[in-house]
Amino acid sequence: MEIETDRIEKIFHTKDYADSKNIDKLLEEIPVEIFEITNDVIEYGKVLLNKDVSDSLLLSLSDHIHTVLKRMKDGMTIINPNIWEIKRYYPDEYLVGKKALELIEEKTEISLPEDEVGFIAVYFVNATMYDKPDEIYSVMTLIQEISTIIKYHFKKDFDEESIYYYRFITHLKFFSQRLFENKQADSQNQGDLFEILKDKYINSYECVTLIDKLLQDKYQYALSKDEMLYLIIHIERLIYTSDV
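This report concerns the structure included in the present document.

Thresholds applied
- Residues numbered from 1 in each chain as written.
- Predicted model: local features only at pLDDT ≥ 70, side-chain atom pairs only at ≥ 80, totals over all residues.
- Heavy atoms only, no water.
- Salt bridge = Lys/Arg side-chain N within 4 Å of Asp/Glu carboxyl O.
- Helix = DSSP H or I, 4+ residues; strand = E, 2+ residues; numbered from the N terminus.
- Buried < 20%, exposed > 50% of the residue type's maximum accessible area, 1.4 Å probe, protein only.
- Axes fitted to C-alpha atoms, helices over the stretch in contact; angles between N-to-C directions.
- Parallel < 35°, antiparallel > 145°, perpendicular 65-115°, else oblique.
- Left-handed = near helix turned anticlockwise from the far one by under 90°.
- Contact = heavy atoms within 4.5 Å.
- Core = buried A, V, L, I, M, F, W, Y, C linked by side-chain atoms within 4.5 Å.
- Phe/Tyr/Trp six-rings, centres within 6.5 Å; stacked < 30°, edge-to-face > 60°.
- Lys NZ or Arg CZ within 6 Å of the ring centre and 35° of its normal.
- Nonpolar A, V, L, I, M, F, W, Y, C, P; charged D, E, K, R; others polar.

Regarding the pattern of salt bridges
So, step 1. For the structure on display, the rule yields eight salt bridges.
So, step 2. Across the pair R178 and E227 runs a salt bridge, and its minimum N-O distance is 3.2 Å. With R178 in helix α8 (residues 163–180) and E227 in helix α11 (residues 225–240), the pair connects residues that are 49 residues apart, well separated along the chain.
So, step 3. On the basis of relative accessible area, R178 is assigned to the buried category, the value being 1%.
So, step 4. Between K198 and E195 there is a salt bridge whose closest N-O contact spans 3.1 Å. With K198 and E195 both in helix α9 (residues 191–200) and three residues apart, the pair spans about one turn of that helix.
So, step 5. By sharing partners, the salt bridges in this structure join E195, K198 and K225 into a single network.

Comments concerning the environment of A121
So, step 1. Mapping A121 onto the fold places it in helix α6 (residues 115–129).
So, step 2. C-alpha separation for the pair A121 and L95, spaced 26 residues apart in sequence, amounts to 7.8 Å.

Thoughts on unusual backbone geometry
So, step 1. Phi at K155 takes a positive value of approximately 55°, unusual for a residue other than glycine.
So, step 2. The topology assignment puts K155 in the loop between α7 (133–154) and α8.
So, step 3. The phi dihedral of Q220 falls on the positive side, at around 55°, and the residue is not glycine.
So, step 4. By the element assignment, Q220 lies in the loop between α10 (202–219) and α11.
So, step 5. Look at Q220 and you get exposed, because its relative accessible area is 64%.

So, the packing of helix α2 (residues 32–49) against helix α3 (residues 57–73)
So, step 1. At a minimum axis distance of 9 Å, the contact between α2 and α3 shows a crossing angle of 120°. Overall, the two elements α2 and α3 adopt an arrangement that is oblique. Once α2 is placed against α3, the crossing between them reads as right-handed. Between α2, through I34, F35, T38, N39, V41 and I42, and α3, the contact on the second element is made entirely by L57, L58, L59, L61, S62, I65, H66 and L69.

Observations regarding the nonpolar core
Nonpolar side chains in soluble globular proteins generally cluster together in the buried interior.
So, step 1. Grouped together as the largest cluster of nonpolar side chains are 33 residues, with contacts concentrated most on V41 and F124.
So, step 2. Elements represented by at least two residues in this core include exactly α2, α3, α5 (91–108) and α6.
So, step 3. At seven residues, the largest contribution of residues to this core is made by α3.
So, step 4. In this structure, F124 is in contact with V41, I42, G45, L49, V53, L57, L61, E93 and V96, ignoring residues within four places of it in sequence.
So, step 5. In terms of nonpolar packing, the next biggest core, distinct from the first, is built from 31 residues, F158, L179, L214 and I239 among them.

Quick notes on the packing of aromatic side chains
So, step 1. In the structure shown here, the tally under the stated rule is seven aromatic pairs.
So, step 2. Seen in terms of ring centroids, F158 and Y165 are 5.9 Å apart; in terms of plane orientation they differ by 40°. Their pairing is tilted.
So, step 3. Residue class for F158 comes out buried when judged on its relative accessible area of 10%.
So, step 4. A residue is classified by how much of its surface remains accessible, and Y165, at 17% relative accessible area, is buried.
So, step 5. Centroid distance F194 to Y205: 6.1 Å. Interplanar angle 65°. Geometry classified as edge-to-face. Within this pair, whereas F194 is found in helix α9, its partner Y205 is found in helix α10, the two being separated by 11 residues in sequence.
So, step 6. Pairwise contacts between aromatic rings join F158, Y165 and F168 into one cluster.
So, step 7. One cation-aromatic arrangement involves K99 over Y44; the distance from NZ or CZ to the ring centre is 5.5 Å.
So, step 8. Over the ring of Y205 we find K198, and its NZ or CZ is 5.6 Å from the ring centre.

Some details on the packing of α2 against α5
Each pair of packed helices can be summarised by the angle the axes make with each other and by the distance between the axes.
So, step 1. Remark: α2 packs on α5, axes separated minimally by 9 Å, with the N-to-C direction vectors making an angle of 150°. Judged on the interaxial angle alone, α5 and α2 are roughly antiparallel. Our pair here, α2 against α5, has a crossing hand that is right-handed. Where α2 approaches α5, its residues E33, I37, D40, V41, Y44, G45, L48 and L49 are matched on the opposing element by D92, E93, L95, V96, K99, A100, L103, I104, K107 and T108.
So, step 2. Its residues placed into classes, the contact of α2 with α5 shows 10 nonpolar, two polar and six charged.

As C-alpha cells, then:
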C-alpha cells in the first residue's frame, strides 16, 4: 500500500533481521503501540549506554514485551533467576529495563514485575555485544576453559539439564563479557562472607584459585574477592546437585 511521504512519521529499519516471513507475522500480531513503546525504550537505551544496538532489537524486544503483556493479562508471570547478577554486573542496562517498565505502565496502565527489568536488560546486553563475532568466540572459549578446570578438579560431569547449570553458565557469560569489555564490577564489600565460605567450602575454593591462575596467566585478570565468592557459590551448587 502506498503512503503519502508527508504523512510518514517514523521509518523502522530491520536490515539485519533475516527471516522476512517472521517479520510479516510479527507486524500482523503486534500492535503499533508496542513498537512505539519499544522504539522509545531503544532510543533511551542508546543514549544511556552510548552504544549502537542491533537492528533486530526492535522486533525481538517488541515481541517480548507483547508476549509479557499478554501473559500478565492471563495472570502469568515468570521469575528471573539471574536478576541479582544482571543488576550487579550490568547496572546501566538494568536502568534501561527500569525505564522500559515505566514507559510500558505509562502507555498501557499495566505494571510489570521487577523480574522483567532483568529480562529487558539482557536484550540490551545481547544487542550491544553479540554482533561482535570475535568477542562471542572469546567468551565461548573462556567459558569452556573454566568449565574444564571444574570438571577435572572434581572429576565430575555436569547435569546440563539442571537449573544450577543454567545459572552457572549465565554467570560465566556475564563474567566473560565484562572481562573482554574491561568492565570491573563495583565491590560489594563482602570480604567477611568470602572468608567464611572459603573455609567452609575448601574444595570449591581450591578450584576457584585454579580458575584465578588461568585468568591471571592467560588474560592478565585477577579475580576480586566478590567474584571468587560468587564462583564458590555457583560451583558448590553445580557440583553437589549434579548427577554423576
